[in-house]
Amino acid sequence: MANQAVGVIFSNIHDDNIPELSHHRTMASIPFGGRYRLIDFALSNMVNSGITTVGIVTKNNYQSLIDHIGSGKDWDLARKDGGIVLLPPYYDENEAPYTNRLEALKGITGFLNRRKEEYVVISDCDAIARVDIADVIHYHESKHSDFTMVYHEEKGEYHSSYFLTLDPDASGRVKGVKINPKLKKNEKFNLYINIMVFNREFLINIIQDAVTRGLSSFGRDILTKNLDTLKVYAYKFDGYFAGINSLEKYFQHSMELLEKDVRSELFGARDIYTKVRDSAPSKYTENAIVKNSLISDGCVIDGTVENCILFRGVNVGKGSVIKNSILMQDTVVGSDVQLDCVITDKNAVIRDRRHLAGCETLPYFIAKGKMI
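Source: prediction; values computed, not measured.

In this model, the largest pocket occupies a volume close to 780 Å³. Around the largest pocket, the lining is made up of 38 residues, and of these Ile13, His14, Asn100, Arg101 and Tyr162 lie nearest the centre. When contributions to the lining of the largest pocket are tallied by element, the ones reaching two or more residues are helix 4 (101–107), strand 11 (188–199) and helix 8 (218–223). Considering each element in turn, the lining of the largest pocket owes the most residues, six residues, to strand 11.

Below you can see the structure in the form of structure tokens.
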């Protein structure tokens, strides 16, 4: 069934939510969990459901994304027909980059017209979840839906520059949509997690109609104003979901990976694929003390690491104590350093005897390549 679907992934749509980590890269290529990038979850969900053609919509800062994706072989998408297709950021003959989702969709109508699949699965890169896309498509077919939106039941306040909540009836049909609603502290709501299934020809038609009418917002101009005429259904996802919409949320959900139940749900039954690197095993000296941490390949640890996530090639010097922190690839920590609630981007250097600390809601961030 899912082999009758083509995938589309937006790589830049939510860059503004986490500017600290998207300054040099797309949202899609933000590192996560020691060895992954955010796009790995959306890509793996599609591949695990039998989708063999995925278009990735780019806009800017996508060199690291291209380096990560390569030919697509690590996701079994290095194919003569289909596979990974990088879609450019232009939406008209003047080669002006798109400014919203509708313009981006307009720019890929040629790609969609050339495909023969019946369905289009659209996903962003701000969600960490293992979603069975084939099951979503089956639900979409059973409801004879025009398009189907995936949601997750949340509770409490939600802070993001743009988000949708859904109000489905007993049959699952969406009767109401709210954009950026004000939520009470313990209020339950159905958060749309930026995964959607369309009939391909229907999607092309609504894009063309939106262009001719000068519409600019999918949520405000198409979805909310046409719920009575369109058959829009909501699919409830009950598994683990993490929305990455700020540096605080990035830190919080990264730390959740230290919980066994979360790791089992995300990485258990179906693989999350990523770029394979051949690295030496990590080295632990006689001075090393490591507790409740995820340690990737190629690290050298000569100090204490507790409740941390270390990406590939991190070096922790003698006498250093690193707690509740995320150190990205090739970070170098000198001797007698103390870190607590710190996030370092790639290739950061922390010299000897530095003491740095943040907190769970405001982690101390060190930019890529910076020396302190």
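On we go.
Glancing now at the sheet that holds strand 20 (residues 315–316). Read across the sheet, five strands follow the order 14-17-20-23-26 without closing on themselves; strand pairing throughout is parallel. A single partner strand is all that each edge strand has here, and the edge strands are strand 14 (283–284) and strand 26 (349–350). Both strand 23 (residues 332–333) and strand 26 contribute to a ladder of two bridges, which runs parallel. By the bridge assignment, Val332 is partnered in strand 26 with Val349.

Examined against the element boundaries, Gln63 turns out to sit in helix 3 (residues 63–69). Residues Gln63 and Arg25 lie 38 residues apart in sequence; the distance between their C-alpha atoms is 7.3 Å.

All right, on to the side chain of Asp146 then. Inspection of the secondary structure assignment puts Asp146 in the loop between helix 6 (133–142) and strand 8 (147–155). Of the buried charged residues, Asp146 lacks a salt bridge, with Lys231 as the closest side chain of opposite charge at 6.4 Å.

Before going further, it helps to examine the sheet that holds strand 18 (residues 304–306). Strand order across the open sheet formed by five strands is 15-18-21-24-27, with parallel pairing between neighbours. Edge strands, defined here as strands with exactly one partner in the open sheet, are strand 15 (289–291) and strand 27 (355–357). Here the strands of the sheet are splayed against their neighbours by 5° on average, with no regard to which way each runs.

Here we come to the nonpolar core. With 39 residues, the main nonpolar core has Ile9, Ile39, Leu43, Val54, Ile69 and Val121 as its most contacted residues. Counting residues per element, the ones that place at least two in this core are strand 1 (5–10), helix 2 (39–48), strand 4 (53–57), helix 3, strand 6 (119–123), helix 6, strand 11 and strand 12 (232–236). The residues contacting Ile69, other than those within four sequence positions of it, are Ile39, Leu43, Ile56, Trp75 and Ile84. One finds Phe198, Phe202, Ile222 and Leu227 within the second-largest nonpolar core, a separate group that totals 37 residues.

Looking now at the pattern of salt bridges. Summed over the entire model, instances satisfying the criterion amount to nine salt bridges. Among the salt bridges present, the one from Glu153 reaches Lys236, with a minimum N-O distance of 3.8 Å. Placement of Glu153 in strand 8 and of Lys236 in strand 12 is noted, with a sequence separation of 83 residues between them. According to the relative accessible area criterion, Glu153 is partly exposed, its value standing at 37%. The class of Lys236 is partly exposed, set by a relative accessible area of 37%. A salt bridge links Asp238 to Lys236; its shortest N-O distance comes to 3.8 Å. Taken together, the shared-partner salt bridges connect Glu153, Lys236 and Asp238 into one network.

The description of an aromatic ring pair uses the distance of the two centres, along with the angle that the planes make with each other. Evaluation of the coordinates by the stated rule reveals 10 aromatic pairs. Each ring, one from Phe32 and one from Phe41, has its centre 5.9 Å from the other, and the planes form 80°; the classification is edge-to-face. Note on accessibility: Phe32 and Phe41 belong to one class, buried. Ring-pair connections join several aromatic residues into one group, and the members of that group are Phe32, Tyr36, Phe41, Tyr250 and Phe267.

With that out of the way, let us pick up the confidence of the model for the protein. It should be kept in mind that the predicted coordinates are not to be read in detail where pLDDT is low. Summarising the model, the protein shows a mean pLDDT of 90, and 97% of its residues fall at 70 or more. Here helix 4 stands out as the element of the protein with the lowest mean pLDDT, 83, in contrast to strand 22 (residues 326–327), whose mean of 98 is the highest.

Quick look at unusual backbone geometry now. Unusually for a residue other than glycine, Asn194 sits at a positive phi of about 65°. Following the sequence through the fold, Asn194 ends up in strand 11. Taking the relative accessible area as the measure of exposure, Asn194 reaches 13% and is therefore buried. For Asn324, which is not glycine, the phi torsion reads 50° and is therefore positive. You can call Asn324 partly exposed: its relative accessible area is 22%.

Rules of the game
Residues numbered from 1 in each chain as written. Predicted model: local features only at pLDDT ≥ 70, side-chain atom pairs only at ≥ 80, totals over all residues. Heavy atoms only, no water. 1 Å grid on protein atoms, 1.4 Å probe; cavity = no way out; pocket = protein on both sides within 12 Å on 5 of 7 lines; lining within 4 Å. Points joined across faces, edges and corners; volume = space filled by probe spheres on them. Helix = DSSP H or I, 4+ residues; strand = E, 2+ residues; numbered from the N terminus. Pairing = 2+ DSSP bridges. Buried < 20%, exposed > 50% of the residue type's maximum accessible area, 1.4 Å probe, protein only. Lys, Arg positive; Asp, Glu negative; His and termini not counted. Salt bridge = Lys/Arg side-chain N within 4 Å of Asp/Glu carboxyl O. Axes fitted to C-alpha atoms, helices over the stretch in contact; angles between N-to-C directions. Core = buried A, V, L, I, M, F, W, Y, C linked by side-chain atoms within 4.5 Å. Contact = heavy atoms within 4.5 Å. Phe/Tyr/Trp six-rings, centres within 6.5 Å; stacked < 30°, edge-to-face > 60°. pLDDT = per-residue confidence, 0-100.

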